[in-house]
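Close look at the chain arrangement
Residue-level listing of the chains:
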Amino acid sequence: MPQADETISVVISNCIINLTADKTAVITEMYRILKPGGRLGISDVVAEDHLSEQDSVQRGSYEGCIAAW
């Protein structure tokens, strides 16, 4: 993300993390840009743990498309 460290008061993610392959990196970036005491709001789709990373990403894309309709 192009934002500097600790510069954002609120980060809201609405059904986008499920579309990323590296979810840990996404959440790490959210916390990096949040100001101390900032707020983080996440609403997303959850996949089962036994899925491979490729299957999880594929299902996340499918779910995201259906939810958009």
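Relevant structure appears above.
Here goes a summary of the coordinates provided. (Residues numbered from 1 in each chain as written. Predicted model: local features only at pLDDT ≥ 70, side-chain atom pairs only at ≥ 80, totals over all residues. Heavy atoms only, no water.)

1. Focus: the overall build of the protein chain
A tally of helices and strands in the protein chain yields 2 helices and 2 strands. Along the protein chain, from the amino end to the carboxyl end, the secondary structure elements read β-α-β-α. With 69 residues in all, the protein chain has 13% of them scored as buried. Counting only contacts in the protein chain whose residues sit at least 6 apart along the sequence, the fraction spanning at least 24 positions is 75%. Accessible area for the protein chain stands at about 5200 Å²; split by element, carbon and sulfur atoms hold 56% of it. (Helix = DSSP H or I, 4+ residues; strand = E, 2+ residues; numbered from the N terminus. Buried < 20%, exposed > 50% of the residue type's maximum accessible area, 1.4 Å probe, protein only. Contact = heavy atoms within 4.5 Å. Areas by Shrake-Rupley, 256 points an atom, 1.4 Å probe, with all protein chains shown as cover.)

2. Remarks on unusual backbone geometry
Its identity as a non-glycine residue notwithstanding, Glu 6 has a phi of 50°, on the positive side. Among the structural elements, Glu 6 can be located in the segment before strand S1 (8–14). Positive phi, normally seen in glycine, also occurs at Cys 15, with a value near 55°. Of note, Cys 15 is situated in the loop between S1 and helix H1 (23–33).

3. Quick notes on the pattern of salt bridges
Where charged atoms from two side chains of opposite charge approach closely, those side chains can pair. Per the counting criterion, the structure on display carries 2 salt bridges. Close ionic contact of Asp 5 with Arg 32 constitutes a salt bridge, the shortest N to O distance being 2.5 Å. Placement of the pair is Asp 5 in the segment before S1 and Arg 32 in helix H1, with a sequence separation of 27 residues. Arg 32 gets classed as partly exposed once you look at its relative accessible area, which sits at 24%. Here the salt bridges do not stand alone but share partners, grouping Asp 5, Glu 29 and Arg 32 into one network. (Salt bridge = Lys/Arg side-chain N within 4 Å of Asp/Glu carboxyl O.)

4. With respect to the pairing of S1
For a regular strand, side chains alternate in direction, first toward one face of the sheet and then toward the other. The pairing of S1 with strand S2 (residues 34–43) spans 6 bridges and is parallel. What sits directly across from Val 10, in S2, is Arg 39. After leaving S1, the chain enters H1 and then returns to the sheet as S2, a path that is right-handed. (Pairing = 2+ DSSP bridges. Right-handed = clockwise from strand over helix to strand, strands pointing away.)

On their own, these measurements won't tell you what the molecule is for.
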